[in-house]
Amino acid sequence: MNNYPHNLLSIEKSSALRRGVQIKKADKKASSYLPEGLLRKTPPNLPSMSEFDVVRHFTNLSRLNFCLDTHFYPLGSCTMKYNPKAYDVLSSLDGFANVHPYAPEEYVQGTLSVVYALQNQLKEITGLYDFTLQPAAGAHGEFTGALIAAAYHRSRKDFERREIIIPDTAHGTNPATAAMAGCKVVNIKSGPDGRVDLEELKKVLGPKTALVMLTIPNTAGLFEKDIKTIAEMTHKAGALLYMDGANLNALIGLVKPADMGVDLMHINLHKTIATPHGGGGPGAGAVGVGEKLADFLPVPRIVFDGKKYKLSAKTKHSIGGVKSFYGNISVIIRAYCYLSQFDGNTLKEIAENAVLNANYVRVKLAKYFPAYFDAVCMHECVLTIDKGVLPAARTADVAKMLLDMGFHAPTIYFPLIVPEAIMIEPTETENKQTLDKFISAMTSIFLEAGSNPEVLHEAPKNCPVKRIDEVSAAREPNLRW
Ligand SMILES: *Cc1c(COP(=O)(O)O)cnc(C)c1O
């Protein structure tokens, strides 16, 4: 890392004598374009700097970042994989990026055709009957799914079904969205193998159950091997099975969720399909449903009569719109490019390599940071610290030491059921050399933590921001510059 004094704001580097490019004043006065009342009375307080100073300031700030373009980013439950830069260019083509949201259908046939085609690709991958691409995030997709399920039960006059069963290995957004959809959250404890405990499920499943909501693979990185039995039990009880398929990387091209008995699901296009997660958006939580739920999807739907794409609101049961216009179109276009580029065999390979990479890391690190559930994992592995061997170490220390060694920290302290959790998702796009470097960094952290435990609490030493005093930061937050 460089020694750039990043704590200086450009305003503090200002000097009255310095200037960037001087552009000649317009001949016509601004006042003749703008109403008098909108004009500034005093000039804005902008820093006076040379162009060099400005460019260096922002370039150096940008270099303080850890990002996918600079570092390995093994953030669990996030799928920070490499996505082709070419798709960025394609999604920002004028015809997509500069479309007026209210442009009439005949002017946006290209955009509509992409949305329609992506829906079809997702149907093929999942085996489900229809999709909506409106939801703007995974959690938004779950919310949409919960509303669809509630509307379905209501349409059958089954008003009592207001409970959503969620195992403790679910993603945190699941109970939050269930509650937001006005349902009662019923939690169930996992079995000792980190999977749904069928006995626990049986106890709570009944005439009040609207949905069983499963994160697959679950947040312990494990596949629900009893999924067929779970689906049978759920359907027998008159409920629907929802799959949180945010991270489809482990299953894409290998398994169709509809074949497992899933009635509805969401997929985070911004994890598995060509837009990295992280950075807070934009995202797209595509929601797919089986045939009996299709009429409940949000409107407008895109219909195709063989010649033209049209927007239609003609459904009897739709839950209404959940987002304006077409959803996050730039994410949708990237996903369409990705799925158009790869055939079924390549998608299968993507899933196999995502799983292989996670298991490679898990097995290689088993002696140092053992997996909490000792089993073959899916696209991510959840490790822990053996307190018998490293009594002074905390997961947060390991994460900070990794920063010093040039790796973005994995997800830590999640899932909540794993003490000192270190959740690593290497993704299929990292090669063996990168994984080996990461494994060797983790190994040396283990060795150092054993021989010289103080180092644990000093990291990071090489980053622009050193060890933060977390207690003072929490007790006396200084939120202003
Ligand atoms: C990321 C994630 C979500 C939430 O997705 P957002 O787009 O962040 O709302 C839900 N479930 C799982 C399993 C996830 O990994």
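Above this note sits the structure.
For clarity, every value in this text was computed on a predicted model and none was experimentally measured. (Residues numbered from 1 in each chain as written. Predicted model: local features only at pLDDT ≥ 70, side-chain atom pairs only at ≥ 80, totals over all residues. Heavy atoms only, no water.)

Brief notes about a nonpolar patch on the surface
A surface patch of nonpolar side chains, about 370 Å² in accessible area, is lined by Tyr33, Leu34 and Leu38. Locating Leu34 in the fold gives a position in the segment before helix H1 (51–62). For Leu34, a relative accessible area of 41% gives the class partly exposed. (Patch = residues over 30% accessible without salt bridge, like charges linked within 9 Å, V, L, I, M, F, W, Y side chains within 5 Å. Areas by Shrake-Rupley, 256 points an atom, 1.4 Å probe, with all protein chains shown as cover. Salt bridge = Lys/Arg side-chain N within 4 Å of Asp/Glu carboxyl O. Helix = DSSP H or I, 4+ residues; strand = E, 2+ residues; numbered from the N terminus. Buried < 20%, exposed > 50% of the residue type's maximum accessible area, 1.4 Å probe, protein only.)

Topic: unusual backbone geometry
The omega torsion across Ile216 and Pro217 is -10 degrees, close enough to zero to call that bond cis. By the element assignment, Pro217 lies in the loop between strand E4 (209–215) and helix H8 (227–236). For the bond from Ala459 to Pro460, the omega torsion is 0 degrees, close enough to zero to count as cis. Positioned with a positive phi, Phe325 is a non-glycine residue whose angle comes to about 55 degrees. Structurally, Phe325 is set in the loop between strand E9 (309–312) and helix H10 (329–341). Overall, Phe325 belongs to the partly exposed group, its relative accessible area being 36%. The phi dihedral of Tyr413 falls on the positive side, at around 55 degrees, and the residue is not glycine.

Examining the pairing of strand E6 (residues 264–268)
By the criterion of burial, E6 is predominantly enclosed, with five of the five residues buried. Here four bridges tie strand E5 (residues 240–245) to E6, and the two strands are oriented parallel to one another. Across the sheet, residue Met243 finds its bridge partner in E6, namely Met265. Taken together, the five bridges between E6 and strand E7 (residues 285–289) define a ladder with antiparallel strand orientation. What sits directly across from Asn268, in E7, is Gly285. (Pairing = 2+ DSSP bridges.)

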